[in-house]
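Understanding the architecture of this molecule
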Amino acid sequence: MNKNRKSIFSFVLIPIILATTVLSGCGNSASSDKMITTSEISDPGTTDVQKTTSEYTIPLNIYDRLVEAITVSPGKSELVPGLAESWEVSPDGLKYTFHIRKDVKFHNGEILKADDVLYTFDRMLDPATKALNTDFLDMIAGAKDRMDGKANSVSGIKVIDDNTIEITLAKAFAPFLANLATPAGSIYNRKATTEAGEQFGIDPQKTIGTGPFKMKSWALNDTVVLVSNPDYFQGAPKIDGVNIKIVPDAETNRIMFETGKLDIFNLSNSASQIPQFRDNEKWKNSIVSGPIVGLYYYALNEDIKPLDDVRIRKALQMSIDRQTLLDKLYYGEGQLVHGISPPGLLGYNPELPKIEYNPEKAKQLLTEAGYPNGFDMEIVQTTDSPNTLKINEAVQAMLQKVGVRVKITQIDESTYFATRQVGKLPSNQNEWSADYNDPDNFFYTFFSQKNSKVRSYNYNNLEVNAKLEKARTMVDQTERIKLYQEMEKTIAQEDAAWIPLFALNQLFVVQPRVKNFQVAWNGWSSMSYYGLEIVEAK
Amino acid sequence: MGHYIIRRLVISIPVTFGIALITFILLNVIPGDPVALMMKDHISADVVARVRAQMQLDDPAYIRFFRFIWNALHGDFGVSYKLNRSVSSLLMDAFPNTLILAISGALVSWIIGIPAGVLSAVKKRSFLDNSIMGFSLLGVSIPVFWAGLLFQYIFAFWLGILPVSGFDGPEYLIMPAIVLGWSSAGTISRLTRSSLLEVMRNDYIRTARAKGNLELKVVINHALKNAMLPVVTVMALQVAGLLSGAVITETVFGIPGIGRIAVNAIQNRDMPLLQGAVMFTTVLVILGNLVADVLYSLLDPRIKYD
């Protein structure tokens, strides 16, 4: 019997042990040589920036834009020539003439021409593309007709010669250049993109740009491999390429980083782990942080009573101890924002009066508004967002002190966005970081009449709306900034249309072998890896 | 037998249609707009309205349903909203990964579960029996995501002998297969044990022993074959279930399989992809059931299908 037991055990266990021992030898396939390995939470699905409004990591590395927004110092950006070596703007701000570089080659060897720019922008506005990012170009003359299928081309875009293109706007749009520097302004090759058809942005071999990296392979939901482009017009990258792993689980991400399988770990996604890395001898010098041009805020839906009363909204602003939230939940990594513009944004006003934490005054305001005993309020968030739940619970406790009884409702992301776009989403905590460095990207995005509805603020100040429309078209930058600063006081403080919280620093932990890593000015984790270097092979 | 299989396959047609209809209704009843979800924070009312029209999402529901059925009958399951690829190719690309994971998980569960069940039955009410049953109870009770993280911590982080996540070679399969296999090994071992104990009480076992056969031979040759009937049924259904995607295991270990695709499709209200994934798994489960029934009759000649 003893012998039998032995044989069964050997039958079961020996193969498992053998397999584990033999195969474990192959387990350490860490980032090799001069490849950087990073991770994304979900597969981007496409790298065609005309068909996505987020997940820009790959586009920022394989395409270029006419103008580029570069990070000049932490949290500061500058617009510099990209594929256009220079440009002129007419005094009325309507006509932009771009001079295209002569030495730029696409990954397929084609030379960049003005016609490629015309093709790219026309493709975005062509209804057949079903593009999602048309907002970035719809100010061009004739764009609307093209989008509505009333024209076969965009009247405002003209090729002057192979290296000159002229773009005329329907009306002046001050942030136009900054707009072109967003990923949505990426330039495609007419020949390659036409030939690729629906496979453009999907098939690595058919996805052609001019950028410092080329797509090599794409295993869906697993890994995307980018390799360096030796012909890049600004010089070949100093790394061989980038492996982008798709790792949905946050904890798995952390273990991968700590075991050397990832080169970069975005700590801001898991704020609770900040002390763990900051107090760790091994990692504390590998944390790279930088301010971002963005902020956390609470959106208030004015269609839901009693939030239609400005006194109530002001009382809510005063009831939240934002400094404590920042210190306790985010370890003090950031600074308070009192209006709409975060530090680093064009026109940021450091002199803006502060929103004070004053629960006593808040109670007075509630009494004045007819709610001496407070009221019931709903805060909505998406399920599976533990960080949002933490801040919501802290705010729930703070508001309780002034008598506001908060109910936190968790709904799935799809329901959340569907309810929000019809203006019916209750108050919620959210964050926003700049697409382009211009106040328009914050003010118009949230508080213009049409956007205020689809974002469920339902803020209806017609005077402000008229000013927002006017500010977009102003050519005199000084006057324009003055107008924005004036509006900031009205919207965020007099009308208390939202509760600004803070601009957080973005924290990354980076393996010591990776050099020159810097947080992008806008704080996006989607960034260009062009400047990175590897100092020692593992 | 041939007639039986054909009849079962014919019956599966209305079943498949019914499931397609139920999935479609559910997807249309739950709130959510795929275009709003694609745009998320960059929402623009004009763009949403235009793109919804371009994607024919504003057509009446019955027209969209019959369009889906018509296209599906022509082998076209549409294009995923989020992943921009044809649904058929997405499922076909993910299926081999799920298949490999399912087979490995199933093998681990059989290799652990069946011998453990046999040992438990042979040594019933002993310390060994209690330990094995305790271990299988643990396997059934521990949530897969927790077991997954525990394994990652021990074998990848602490010992550093296995890769944490991904699907780049056989070594990437060890942890997910064990985690997945362990949870169903519990069920298999408990079923094997109870079934074997039942069979061991039969007269022919006493006869086999009386003939002087070794106990191992009695158990393996005489008892186990008959005790395996209910176990085989569970095994076949288990494989069919695993083929529909071990969602949590695939997520924790970053395996690009059917389960992850289906869950992402639900989250993104990616209707074509979800419809396709549900149809695909429906067919697998129907086939799994059929295989179980056929195996049943092969193992037990008393069972005949007309």
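Below is a summary of the structure that appears in this document. (Residues numbered from 1 in each chain as written. Chains lettered and ligands numbered in written order. Predicted model: local features only at pLDDT ≥ 70, side-chain atom pairs only at ≥ 80, totals over all residues.)

Turning our attention to the overall build of chain A. A tally of helices and strands in chain A yields 17 helices and 21 strands. Here chain A has a C-alpha radius of gyration of 26 Å; the compact-globule value for 538 residues is 24 Å, and the two agree. Seen along its three principal axes, the alpha-carbon backbone of chain A occupies a region of about 85 × 75 × 40 Å. Expressed as a percentage of its 538 residues, the buried residues of chain A come to 47%. For chain A, long-range pairs separated by at least 24 residues make up 69% of all intrachain contacts whose partners lie at least 6 apart in sequence. (Helix = DSSP H or I, 4+ residues; strand = E, 2+ residues; numbered from the N terminus. Rg over C-alpha atoms; globule rule 2.2 N^0.38 Å. Buried ≥ 20, exposed ≤ 12 C-beta atoms within 10 Å, placed from the backbone. Contact = placed C-beta atoms within 7 Å.)

Below, the discussion takes up the pairing of strand S10 (residues 241-246) of chain A. Residues and elements named next belong to chain A. Burial of S10 is extensive: six of the six residues sit out of reach of the surface. With six bridges joining them, strand S1 (residues 35-40) and S10 adopt parallel strand pairing. By the bridge assignment, Thr38 is partnered in S10 with Ile244. Note that strand S9 (residues 223-228) and S10 share five bridges and pair antiparallel. Bridge pairing in S10 places Leu226 opposite Val242. (Pairing = 2+ DSSP bridges.)

Residues and elements named next belong to chain A. One open sheet accounts for four strands, arranged S4-S5-S7-S6; its pairing is antiparallel. Each having just a single partner strand, strand S4 (84-89) and strand S6 (157-161) make up the two edges of the open sheet. Ignoring which end each strand starts from, the neighbouring axes of this sheet average 20° apart. Sheet topology note: the S4/strand S5 (residues 95-100) ladder contains five bridges and is antiparallel. Counted as the bridge partner of Glu88 is Thr97 from S5. Lying over the sheet, helix H3 (residues 114-125) contacts S5, S6 and strand S7 (164-168), oriented at roughly 170° with respect to S6. (Axes fitted to C-alpha atoms, helices over the stretch in contact; angles between N-to-C directions.)

Before going further, it helps to examine the interface of chain B and chain A. Across the boundary between the two partners, chain B contributes 55 residues, which contact 52 residues of chain A. Put simply, the parts of the chain that give the side of chain B that touches chain A at least two residues each are helix H2 (34-39), helix H3 (45-54), helix H5 (87-122), helix H7 (144-158), helix H10 (215-243), helix H11 (247-252) and helix H12 (258-267) of chain B. When residues of the side of chain B that touches chain A are assigned to their parent elements, the largest contribution, six residues, is made by H3 of chain B. Across the side of chain B that touches chain A, the residue classes tally to 30 nonpolar, 13 polar and twelve charged. (Nonpolar A, V, L, I, M, F, W, Y, C, P; charged D, E, K, R; others polar.)

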